[in-house]
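Fold and geometry: a report
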Amino acid sequence: MVRQFMQGLLVSLVFAATFSSAAPLDDATLRSLSPQARAVLEQARHLETRKGPIAQPATNVKEAEELDALPNRTASTPPPIFTPTSNFVSWEDMPAAERISVNDEVSVEAVPAPPHWVVYGDQWVSGTNGPPAASDIQGYNVFALSFLLLAGAWDKAYEWTTYTDAQRAAVKAEYAAAGIKIVVSCFGSTDVPTSSGADATATAQKFAAWVKQYNLDGIDVDYEDFGAFDSQSGSAENWLITFTTVLRANLPASTYIISHAPVAPWFSPTAYAGGGYLKVHKSVGSSIDWYNVQFYNQGVNEYTTCANLLTTSSTTWAKTALFQIVASGVPASKLVIGKPARASGDANNGYIAPATLAQCLQTAKAQGWTGGAMVWQWPYATESWISTVRSLSWPV
């Protein structure tokens with residue numbers, strides 16, 4: 001408990017010093033800090049910063065109709081980092097035994113153990129550039145910046161690029177102290193990489209480099225090329241297999257998360273001649289940490305009760321309820337139940353009220369499932385939403 005408190009205090013200091021536009025910390029305040037805190041602040045100051053952000057439209061790809069005023073929005077210049085006073089103890093001058101890094105102080109395992117509590121963020125929110133404060137998303141352990149597209153970073157992913165390296169490091173430290181990973185989600189409903197002829201190998205190499213450049217914990221593959229799957233040719237499956245193989249080669253499992261976000265019907269054992277996501281899992285499932293399964297947008301009555309979500313799906317999408325997918329060979333611990341935050345606005349259908357979803361999770365847990373829940377999207381998926389959803393299974 002003491003270590004957790006000190007981690008939180010340390011991260012708060014880094015965050016405040018990095019982002020505040022107030023005057024530099026005075027001598028008395030600096031002298032009161034522990035050697036570890038002073039070291040982290042010094043490291044933050046010395047991190048290489050990027051040149052000023054390039055102005056780019058911040059139009060929300062998925063919800064442009066709500067953001068008509070945004071095309072002319074540009075990123076503001078990041079605030080300066082504090083300047084240490086003459087009494088500041090630098091990293092170089094500190095005894096080696098007392099040195100400690102941000103990663104040492106707040107490190108957590110590269111891939112968190114299940115259950116996974118995943119929230120996506122794509123929408124621009126007034127007053128928030130980049131991810132929300134970790135304190136605003138308590139109860140989640142993964143935040144997905146959305147989206148990294150073939151054309152580049154957009155929306156929350158783009159906002160992340162407007163930070164300096166030091167600012168990103170401070171946010172990462174804050175999130176790590178709260179037990180939250182930050183990943184980028186790629187493609188979404190905008191890109192159709194297979195149908196548009198994108199090269200799987202080159203795209204994976206490009207995206208992996210982006211993850212490393214911008215200091216993220218991993219990448220979520222939100223592949224939604226329905227035309228490629230529906231072609232029944234196997235082109236979607238083969239593209240995903242190559243893409244995932246190359247991603248993992250460039251983003252080792254010891255350090256980076258790779259998740260996928262398929263729609264539930266793609267796990268059907270009979271609907272896709274190319275094998276669907278069962279083929280993807282059989283081929284590269286060992287390289288995928290978990291699946292954020294979209295149990296929504298598949299029909300008005302699809303996956304809307306605990307029974308057809310967990311046990312028996314409709315004949316339209318045969319054998320794609322949670323435990324039917326498990327029966328097809330996908331580990332229950334890798335299947336995260338994905339739902340929209342609102343009855344309208346976040347998806348066309350598939351909504352389940354948080355209190356009812358909590359009952360579904362309770363039932364699934366009693367049968368050995370540990371996957372967790374995913375939600376589209378913040379800021380509508382509040383702390384209250386995840387607290388309610390977890391209340392009967394893994395209370396916050």
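Preceding this section is the structure that the text describes.
Anyway, here's the lowdown on the structure attached to this text. (Residues numbered from 1 in each chain as written. Predicted model: local features only at pLDDT ≥ 70, side-chain atom pairs only at ≥ 80, totals over all residues. Heavy atoms only, no water.)

A word on the nonpolar core
With 83 residues, the main nonpolar core has Tyr223, Phe243 and Trp369 as its most contacted residues. Grouped together as the second largest cluster of nonpolar side chains are 15 residues, Val142, Ile257, Val336 and Met374 included. (Core = buried A, V, L, I, M, F, W, Y, C linked by side-chain atoms within 4.5 Å. Buried < 20%, exposed > 50% of the residue type's maximum accessible area, 1.4 Å probe, protein only.)

Some details on unusual backbone geometry
Note that the residue after Trp376, namely Gln377, is joined by a cis bond; omega there is 0°. Within the fold, Gln377 resides in strand S9 (residues 372–378). Cis geometry marks the peptide bond from Trp378 to Pro379; its omega dihedral reads 15°. Considering the arrangement of structural elements, one finds Pro379 in the loop between S9 and helix H14 (383–390). For Asn297, which is not a glycine, the phi torsion comes out positive at approximately 65°. With respect to the helices, strands and loops of the structure, Asn297 is situated in the loop between strand S7 (290–294) and helix H11 (306–311). Even without being a glycine, Tyr303 presents a positive backbone phi close to 60°. (Helix = DSSP H or I, 4+ residues; strand = E, 2+ residues; numbered from the N terminus.)

Notes on the packing of helix H9 (residues 235–250) against helix H10 (residues 276–284)
Axis separation between H9 and H10 bottoms out at 9 Å; the angle between their running directions is 30°. As far as their axial angle goes, H10 and H9 are roughly parallel. Seen along the crossing, H9 lies across H10 with a hand that is right-handed. Together, Glu237, Asn238, Leu240, Ile241, Thr244 and Thr245 of H9 and Gly276, Tyr277, Lys279, Val280, Ser283 and Val284 of H10 make up the contact between the two elements. Considering only residue class, the contact of H9 with H10 consists of 5 nonpolar, 5 polar and 2 charged. (Axes fitted to C-alpha atoms, helices over the stretch in contact; angles between N-to-C directions. Parallel < 35°, antiparallel > 145°, perpendicular 65-115°, else oblique. Left-handed = near helix turned anticlockwise from the far one by under 90°. Contact = heavy atoms within 4.5 Å. Nonpolar A, V, L, I, M, F, W, Y, C, P; charged D, E, K, R; others polar.)

Focus on the environment of Pro269
Assignment of secondary structure puts Pro269 in the loop between strand S6 (257–260) and H10. A relative accessible area of 38% places Pro269 in the partly exposed class. For the pair formed by Pro269 and Trp317, sequence separation is 48 residues and the distance between their alpha carbons is 9.6 Å. Ignoring anything within four residues of it in the chain, the contact list for Pro269 reads Leu278, Ala318, Lys319 and Ser328.

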